[in-house]
Amino acid sequence: MTATVSVTGVDKSYRKVRALRDVSFSLVPGRLSALVGHNGAGKTTLIKLMLGLIRSDRGEIRVMGQDPAAGEFSARRLLGYLPENVAFNAALTGRETLAFYARLKHIKPASAWALLDRVGLSDAADRRVGTYSKGMRQRLGLAQALLGQPRVLLLDEPTTGLDPALRQTFYEILNELRDDGATVLISSHALNELEDRAEHVLIMNRGRLVAQGTLAELRSISQLPIRVSLDLEAGADDAIAGPIVDETISAAGRRTVLVADEKGKMDLLRAVTNDPRVKNIEIAAPTLDDLYAHFLNTQEKAA
Ligand SMILES: Nc1ncnc2c1ncn2[C@@H]1O[C@H](COP(=O)(O)OP(=O)(O)OP(=O)(O)O)[C@@H](O)[C@H]1O
């Protein structure tokens, strides 16, 4: 699939701070990617480079085939951006604000009104933004980012300050856009939230991209074990067969074994599922949190 965004060997420093070092990755249409990393890892810097707001010191960036830092970056019209801290003019209403951004993007303001409805702001559209709650400002920010049906959406910490219901709506909107072939990149600290939502994960640490791939790929690269917990009848210890990496027994008698990979998990499950002495089985693959910690530790040790 042709990449809509490609970043190759990019370095960026702010005076003495090396914000990005040799970063390379691609984003493709119809995929939601998550950019995760500690504070200061370089996420916002990457997004600003993709928007053409700053220039790289080295390497190449292409967005829809164009260099964002070039004077004539016509692909900007196809980009939607939600900044980390949305700042709007408090004196304008939500509708006026959206009309302002629509004009900047050369879009007829009236065509933007449906977006107010889509983000649940129709009732408050004619109130001044100064009276909006943080969540409402965030919704307006999203409506602004969605103006002109962008093909590439870059969202910096978009769900901070949103209540759970709104967060759900927010991801539903993103999924629709993604299914429609948009390229979506979300920078976030909310790993548990992204776990089942992002198809592709980019893990940054201190300016370096330390791992990237689908969750399944990251699990396979990390070789972190899978945790299988079993409740057994007394005396049924021999029910657990096959190679296991480690084993613990809780005070309540629950056995938790670690198996090396999917094959080890399936071998164990085949052995225990037909054994009536096994009362319950719970399986926990490494979470995005586990993978994030693993890749950060691996890089820190190597540094
Ligand atoms: N304008 C700037 N001038 C100097 N240093 C900067 C500037 N912008 C960013 N930095 C530094 O570059 C590094 C990367 O910052 P960046 O904002 O890209 O990180 P981030 O991953 O987005 O962090 P956060 O999660 O806190 O938003 C940090 O060390 C930061 O202090």
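Further up the page is the structure itself.
Predicted model only: the values in this text are computed from it and were never measured. (Residues numbered from 1 in each chain as written. Predicted model: local features only at pLDDT ≥ 70, side-chain atom pairs only at ≥ 80, totals over all residues. Heavy atoms only, no water.)

### Some words on the pattern of salt bridges
Then step 1. Throughout the structure, instances matching the rule amount to 19 salt bridges.
Then step 2. The salt bridge partner of Glu-195 is Arg-219, with a shortest N-O separation of 3.5 Å. Taken together, the residues Glu-195 in the loop between helix 6 (191–194) and strand 8 (200–205) and Arg-219 in helix 7 (residues 215–222) connect sequence positions 24 residues apart.
Then step 3. Overall, Glu-195 belongs to the buried group, its relative accessible area being 15%.
Then step 4. Between Lys-265 and Glu-262 there is a salt bridge, with the nearest N and O atoms lying 3.1 Å from each other. Of this pair, Lys-265 and Glu-262 both sit in helix 8 (residues 262–273), three residues apart, which is roughly one turn of that helix.
Then step 5. In this structure Lys-265 comes out as buried when scored by relative accessible area, which is 15%.
Then step 6. When its relative accessible area of 46% is taken as the criterion, Glu-262 is described as partly exposed.
Then step 7. Via salt bridges that share partners, Asp-11, Asp-22 and Arg-58 belong to a single interconnected network. (Salt bridge = Lys/Arg side-chain N within 4 Å of Asp/Glu carboxyl O. Helix = DSSP H or I, 4+ residues; strand = E, 2+ residues; numbered from the N terminus. Buried < 20%, exposed > 50% of the residue type's maximum accessible area, 1.4 Å probe, protein only.)

### Brief notes about unusual backbone geometry
Then step 1. The backbone phi angle of Asp-22 is positive, close to 50 degrees, even though this residue is not glycine.
Then step 2. Structurally, Asp-22 is set in strand 2 (residues 17–27).
Then step 3. Backbone geometry places His-106, a non-glycine residue, at a positive phi of 60 degrees.
Then step 4. Counting through the fold element by element, His-106 comes out in the loop between helix 2 (94–104) and helix 3 (113–118).
Then step 5. Judged by relative accessible area, His-106 falls into the exposed class, the value being 71%.

### What to know about the pairing of strand 2
Then step 1. Of the strand pairs in this sheet, strand 1 (residues 5–14) and strand 2 are connected by seven bridges, and their pairing is antiparallel. Each bridged residue has a counterpart across the sheet, and for Val-7 the counterpart in strand 2 is Phe-25.
Then step 2. Hairpin geometry of strand 1 and strand 2 is characterised by an intervening segment of two residues between the two adjacent antiparallel strands and by a positive phi of about 50 degrees at Arg-15. (Pairing = 2+ DSSP bridges.)

### Considerations on the site of the ligand
Then step 1. Not every one of the 14 residues close to the ligand is listed here, only the nearest: Asn-39, Gly-40, Lys-43, Thr-44 and Thr-45.
Then step 2. Take Gly-40: an N or O atom from its main chain is 2.7 Å from an oxygen atom of the ligand.
Then step 3. In the model, an oxygen atom of the ligand is placed 3.4 Å from a nitrogen or oxygen of the Glu-84 side chain.
Then step 4. Starting from 640 Å² of accessible surface for the ligand in isolation, the protein chains cover 63%.
Then step 5. Put simply, the parts of the chain that give the shell around the ligand at least two residues each are strand 2 and helix 1 (43–51).
Then step 6. Sort the elements by how many residues they give to the shell around the ligand and helix 1 lands first, with three residues.
Then step 7. Broken down by class, the residue content of the shell around the ligand amounts to four nonpolar, seven polar and three charged. (Near = heavy atom within 4 Å. Polar contact = N/O pair within 3.5 Å; in protein donor to acceptor, adjacent residues only side chain to side chain. Areas by Shrake-Rupley, 256 points an atom, 1.4 Å probe, with all protein chains shown as cover. Nonpolar A, V, L, I, M, F, W, Y, C, P; charged D, E, K, R; others polar.)

### What to know about the sheet that holds strand 8
Then step 1. Sheet architecture is open: six strands sit in the order 5-6-7-3-8-9, paired in mixed fashion. A single partner strand is all that each edge strand has here, and the edge strands are strand 5 (79–82) and strand 9 (208–213). For this sheet, the mean angle separating the axes of adjacent strands, direction not counted, is 15 degrees.
Then step 2. With five bridges connecting them, strand 8 and strand 9 associate as antiparallel partners. Considered in strand 9, the bridge of Ile-203 is made with Ala-211.
Then step 3. Relative to the sheet, helix 1 contacts strand 3 (31–36), strand 5, strand 6 (152–156), strand 7 (183–188) and strand 8, its axis offset from that of strand 6 by approximately 150 degrees.
Then step 4. Contacts from helix 9 (residues 288–302) reach strand 3, strand 8 and strand 9 within the one sheet, and its direction differs from that of strand 8 by about 40 degrees. (Axes fitted to C-alpha atoms, helices over the stretch in contact; angles between N-to-C directions. Contact = heavy atoms within 4.5 Å.)

### Brief notes about the packing of helix 7 against helix 9
In a pair of packed helices, the angle between the axes and the distance between the axes together describe the arrangement.
Then step 1. Where helix 7 meets helix 9, the axes come as close as 10 Å, and the angle between the chain directions of the two elements is 45 degrees. The angle between helix 7 and helix 9 falls in the class oblique. Considering only the axes of helix 7 and helix 9, their crossing is left-handed. For the pair formed by helix 7 and helix 9, the contact residues are Leu-215, Leu-218, Arg-219, Ile-221 and Ser-222 on the first element and Leu-288, Leu-291, His-294 and Phe-295 on the second. (Parallel < 35°, antiparallel > 145°, perpendicular 65-115°, else oblique. Left-handed = near helix turned anticlockwise from the far one by under 90°.)

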